[in-house]
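What follows is each chain in one-letter form.
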Amino acid sequence: MVGSRIRELRAARGLTVTELARRAEVSTGLISQVERELADPSLVTIRKIAKALDVPLFSLFEESETDDVAVVRRDTRMQIQSPGGIVYSRISAGRGRLEVLQGTLAPGTASADEPWSHPSEECAVVIAGKLVVEVAGTERALDVGDSCYFDSRLPHRYVNPHRKASDFIISITPPSY
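Sequence positions are assigned chain by chain, starting from 1 and proceeding in written order. Owing to the predicted nature of the model, reporting of local features is limited to residues with pLDDT of at least 70; listing and counting of side-chain atom pairs is limited to 80 or more, with chain, interface and lining totals taken over all residues. Side-chain metrics in this entry use all non-hydrogen atoms of the structure; hydrogen atoms and water are not considered.

(A) Broad picture of the pattern of salt bridges. By definition, a salt bridge exists where a carboxyl oxygen of Asp or Glu is found within 4 Å of a side-chain nitrogen of Lys or Arg. Throughout the structure, instances matching the rule amount to 8 salt bridges. Across the pair E19 and R23 runs a salt bridge whose closest N-O atoms are separated by 2.9 Å. Separated by 4 residues within a single helix, E19 and R23 lie in helix α2 (residues 17-24), roughly one turn from each other. Between buried and exposed lies partly exposed: a residue is buried under 20% and exposed over 50% of the maximum accessible area for its type, with that area taken using a 1.4 Å probe on protein chains only. Classification of E19 by relative accessible area gives partly exposed; the value is 22%. Classification of R23 by relative accessible area gives partly exposed; the value is 44%. Ionic contacts of the salt-bridge type, sharing partners, join the residues R7, R10 and E35 into one network. Put simply, DSSP H or I for four residues or longer makes a helix, DSSP E for two residues or longer makes a strand, and each gets a number counted from the N terminus.

The structure is reproduced here in structure tokens:
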């Protein structure tokens, strides 16, 4: 599913597999395998490909929908998981100028190895457990019900140094990689 979407977006932009691989800083073979559904790319790789295609990350998973009102059922939410311990579940429909995700971060893990940035604004609210939001080198500890808003162009990541999983909701506008 994600491979055919990447192929579709690449072709629509007139890019070759080699050019997309160069822009995403991954191998040509990996792009080819992903497009043919022979490889499951990591979250980091998907972010690189989305950035190279200049599309929001979750748009690589979306199916076209034309209704004016979109309903996303809990059991049909799109999910992506990183081996590092984070799971994102898309709450919003995946189109428009706002993306809403539910994140679950395993104990002792982070959303990324290193803080990263993207051209958006972000607001996160903790719904279970505790969470540390690291933005531009400063850490902010959040408890249940606490929220944090920031400019996503600043390097950031979510960290769970605690012994229990952390659940949180993130709103991102505009959706980005």
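(B) Quick look at the sheet that holds strand β9 (residues 156-160). Across the sheet, 4 strands lie side by side as β4-β9-β6-β7; this open sheet has antiparallel pairing. What marks the edges here is a single partner per strand, and that holds for β4 (109-110) and β7 (138-142). The pairing of strand β6 (residues 131-135) with β9 spans 4 bridges and is antiparallel. From the neighbouring strand, E134 faces β9, where its bridge partner is R157. Two strands make a pair as long as DSSP finds a minimum of two bridges between them.

(C) Seen up close, the pairing of β7. Strand direction decides the pairing type here: β6 and β7, joined by 5 bridges, are antiparallel. Counted as the bridge partner of V135 is T138 from β7. Hairpin remark: β6 followed by β7, antiparallel, with 2 residues in the connecting loop; positive phi at A136, about 50°.

(D) Here's a closer look at the environment of C148. By the element assignment, C148 lies in strand β8 (residues 147-151). Along the primary structure C148 and V133 are separated by 15 residues, whereas in three dimensions their C-alpha atoms are 7.7 Å apart.

(E) Summary view of the nonpolar core. We define the nonpolar core as a collection of buried residues of types Ala, Val, Leu, Ile, Met, Phe, Trp, Tyr and Cys that are connected through side-chain atoms lying within 4.5 Å of one another. Counting residues in each nonpolar core, the largest one holds 40 residues, and the members touching the most others are L53, L60, Y88 and Y158. Element by element, the count of residues in this core is highest for helix α4 (residues 43-53), at 6 residues. By the convention used here, residues are in contact when the closest approach between their heavy atoms is within 4.5 Å. Those residues within four positions of L60 in sequence are excluded, and the remaining contacts are V2, R5, I6, L9, I46, I49, A50, L53 and V55.

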